[in-house]
Amino acid sequence: MTEHSPFDSAPDAELGVALREALAMPFGGAFVNRVRARLNQRQRSWDEELAGWFWQGLVAASLVTMLAGWGLNTFSGVAEESDASASATVASQLLDGTTPGANVLLASMTASDTP
Amino acid sequence: MTGVDEAKLAARAGRGDADAFGALIEIHEAMARRVAYAILEDREDADDAAQEGFLSAWKAINRYDSSKAFRPWLMQIVVNAARDLRRRRRVRAADPLDSVSPAAKDDPARRAGDIDLGERLRAALATLPERQRMAVVLFDAEGYAQAEIAELLGIPEGTVKSDVFHGRRALRRVLGTVKEELDD
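Just so it is clear, the model here is predicted, and its values are computed rather than measured.

Peer 1: Explanation requested: the overall build of chain B in the structure shown.
Peer 2: Along its length, chain B carries 10 helices and 0 strands. Shown N-terminal to C-terminal, the secondary structure of chain B runs as helices and strands in the order α-α-α-α-α-α-α-α-α-α. In chain B, buried positions account for 39% of the 184 residues.

Peer 1: Sorry, what's going on with the nonpolar core here?
Peer 2: Most often, soluble globular proteins have nonpolar side chains that are buried together. Core analysis: the biggest nonpolar cluster contains 55 residues, and B:Val35, B:Ala36, B:Ala49, B:Val78, B:Ala82 and B:Val137 have the highest contact counts within it. Ranked by residues supplied to this core, first place goes to helix α2 (residues 18-40) of chain B with 12 residues. For this core, the two domains that each supply at least three residues are domain 1 (1-95) and domain 2 (108-184) of chain B. Sequence-distant contacts of B:Val137, that is, excluding residues within four places in its chain, are made with A:Leu19, A:Leu23, B:Val35, B:Ala38 and B:Glu142.

Peer 1: So what exactly am I meant to see when it comes to the interface of chain A and chain B here?
Peer 2: Frequently, the measure chosen for interface size is the accessible area that the parts lose on association. Counting residues at the interface gives 29 residues for chain A, matched by 38 residues for chain B. Of all the elements in the fold, those that place two or more residues in the side of chain A that touches chain B are α1 (13-23), α2 (28-41) and α3 (46-52) of chain A. It is α2(A) that contributes the most residues to the side of chain A that touches chain B, 9 residues altogether. Residues that form the side of chain A that touches chain B fall into these classes: 15 nonpolar, 4 polar and 10 charged.

Peer 1: Quick question: what am I supposed to make of the packing of helix α1 (residues 6-14) of chain B against α2(B) here?
Peer 2: When two helices pack together, their arrangement is given by the angle between the helix axes and the distance between those axes. All names here are of chain B. α2 packs onto α1 with a crossing angle of 140° between their chain directions and a minimal axis gap of 7 Å. Viewed along their axes, α1 and α2 adopt a mutual orientation that is oblique. Note that α1 runs across α2; the crossing there is left-handed. In this structure, α1 uses Glu6, Leu9, Ala10, Arg12 and Ala13 to contact α2, whose residues at the interface are Ala20, Phe21, Ala23 and Leu24. Residue composition of the contact of α1 with α2, grouped by class: 7 nonpolar, no polar and 2 charged.

Peer 1: What should I look at first to understand unusual backbone geometry in this one?
Peer 2: In terms of backbone geometry, most residues other than glycine have negative phi values and most peptide bonds are trans. Here the phi dihedral of A:Phe27 falls at roughly 60°; this positive angle occurs in a residue that is not glycine. Counting through the fold element by element, A:Phe27 comes out in the loop between α1 and α2. Unusually for a residue other than glycine, B:Glu41 sits at a positive phi of about 60°. Within the element layout of this structure, B:Glu41 appears in the loop between α2 and α3 (43-59).

Peer 1: How should the confidence of the model for chain A be read in this particular structure?
Peer 2: Parts of the prediction with low pLDDT should not have their coordinates interpreted in detail. Here chain A shows a mean pLDDT of 77. Residues at 70 or above account for 60%. The least confident element of chain A is helix α5 (residues 102-113) of chain A, whose mean pLDDT is 68; the most confident is α1(A), at 92.

Peer 1: Any chance you could explain the environment of A:Leu39 here in plain terms?
Peer 2: Locating A:Leu39 in the fold gives a position in helix α2. With 19 C-beta atoms packed within 10 Å, A:Leu39 lands in the partly exposed category. Once residues lying within four places of it in the same chain are set aside, the contact partners of A:Leu39 are B:Ala18, B:Phe21, B:Gly22 and B:Trp58.

Peer 1: Which parts of the structure should I look at to understand the packing of α1(A) against helix α7 (residues 117-127) of chain B?
Peer 2: Viewed as axis vectors pointing N to C, α1(A) and α7(B) meet at an angle of 90°, and their least axial separation amounts to 9 Å. Viewed along their axes, α1(A) and α7(B) adopt a mutual orientation that is roughly perpendicular. Contacts between α1(A) and α7(B) involve A:Ala18, A:Leu19, A:Glu21 and A:Ala22 on the former and, on the latter, B:Leu117, B:Gly118, B:Leu121 and B:Arg122. Taken together, the residues that form the contact of α1(A) with α7(B) break down as 5 nonpolar, 1 polar and 2 charged.

Peer 1: Help me understand α7(B), please; the structure alone is not making it clear to me.
Peer 2: The periodicity of an α-helix, 3.6 residues per turn, causes residues three or four places apart in sequence to face the same way. Buried within α7(B) we find B:Leu121, B:Arg122, B:Ala124 and B:Leu125. Along the long axis of α7(B), the arc covered by the buried residues comes to 160°, so they all point the same way.

Peer 1: What is the right way to look at the confidence of the model for chain B in this model?
Peer 2: Residue and element names in this part refer to chain B. Averaged over chain B, the pLDDT score is 85; the fraction of residues at 70 or greater is 85%. Counting interchain partners and residues more than four positions distant, the pLDDT-below-50 stretch residues 96-100 has 1 contact. Both scores are given for the predicted complex: the pTM is 0.65, the ipTM 0.79.

Peer 1: Help me out: how do you make sense of the environment of B:Ala50 in this one?
Peer 2: Residues and elements named next belong to chain B. Along the polypeptide, alanine 50 turns up in helix α3. Through-space distance from the C-alpha of alanine 50 to that of arginine 34 is 9.0 Å; in sequence the pair is 16 residues apart. Non-local contacts of alanine 50, meaning those with residues more than four positions away in its chain, are made with Ala32, Arg33, Ala36 and Val78.

Rules of the game
Residues numbered from 1 in each chain as written. Chains lettered and ligands numbered in written order. Predicted model: local features only at pLDDT ≥ 70, side-chain atom pairs only at ≥ 80, totals over all residues. Helix = DSSP H or I, 4+ residues; strand = E, 2+ residues; numbered from the N terminus. Buried ≥ 20, exposed ≤ 12 C-beta atoms within 10 Å, placed from the backbone. Core = buried A, V, L, I, M, F, W, Y, C linked by C-beta atoms within 7 Å. Domains from an automatic or database assignment. Contact = placed C-beta atoms within 7 Å. Nonpolar A, V, L, I, M, F, W, Y, C, P; charged D, E, K, R; others polar. Axes fitted to C-alpha atoms, helices over the stretch in contact; angles between N-to-C directions. Parallel < 35°, antiparallel > 145°, perpendicular 65-115°, else oblique. Left-handed = near helix turned anticlockwise from the far one by under 90°. pLDDT = per-residue confidence, 0-100. Arc of directions from axis to C-beta.

Structure follows, in C-alpha cells:
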C-alpha cells in the first residue's frame with residue numbers, strides 16, 4: 001500500500017475504513033424496524049397524497065385539453081362547411097330560377113341562426 | 001453502489017409505497033447514522049436525528065428530483081436534521097462543560113481502560129471543528145465528491161479541500177500513533 005498524504009485529492013481508503021468502523025452504529029435492523037413502524041403510523045395527509053399524483057394529473061389534464069381543442073376545431077369546421085353548403089344550395093337554386101324547396105330554406109335559416 | 005434502482009424505489013415511494021421507502025431506509029441506514037453521529041457525537045441523538053431525517057424525507061419525497069442521485073438528497077435532509085437536533089441540544093444544555101467528549105463517554109471500553117483505535121479516532125474527530133469533521137467523514141469514509149460535499153454543507157469547494165486536508169492530517173496522526181504502538 002502506498003503512503004497517503006493529507007494533500008491527496010483521492011479518498012484515503014485506510015482512513016476511510018477506520019472512520020467507518022469508528023462511527024459504526026449497532027443494531028441496524030432494530031433501527032430500520034423502528035423507522036418503518038413510524039412510517040406506517042404516519043399516514044400521509046390528503047395534500048401529500050395529491051402532490052404524489054401532481055405530474056400524472058398535469059399530463060392527463062393537458063391531454064384532455066388538447067383533445068377537447070382538437071375536437072372543437074374539427075367539429076366547428078364541419079359545421080361551418082355545412083352552413084356554407086346550405087347557403088350555396090339556396091343561392092344556386094335562386095340563380096337557376098327555380099324556387100328552393102321548404103327543406104332547403106329551413107336548413108339555410110337554421111344555419112344562419114347558429115352563432 | 002447497491003445495484004438497486006434507487007430512482008425507481010423513490011418514484012414508488014412518491015406514490016405512497018411505504019415498502020419502497022423502507023427499502024431505501026435499509027440501503028442508507030448505516031451511512032445516515034454514521035453521518036449523524038459525526039455531527040452529534042452521541043449514539044442516541046444520532047439515531048433520533050437519522051430517524052427524523054428519514055421521516056422528513058418520506059414527507060418530502062414528492063420534491064425529490066429523480067434525474068439526480070437519491071443519496072445526496074437524502075443525506076442533505078439527514079445533515080439538516082442532525083444540525084437542528086444539535087441546536088436544540090445546545091439550547092437545553094445548561095450543564096457545565098465536560099472535559100471528556102460525548103463520543104468517548106459513549107464507549108464502555110474507555111471505562112475499562114482499554115482504549116482502541118475507534119475510540120481514539122472518535123476522540124480526535126471530537127476535537128475538530130464540525131465543518132472539518134463533516135468534510136473528512138463525507139469524503140474519506142462515505143465517498144462523496146468534494147463538489148457534492150460543498151453543496152451539502154453550503155460552502156465553496158476550495159473550503160472543502162482545505163477542511164479535508166486539515167481534518168485528515170489530525171486523524172492520520174492518530175492512525176500513525178496507533179500503528180507505532182502496535183509495532184512496539
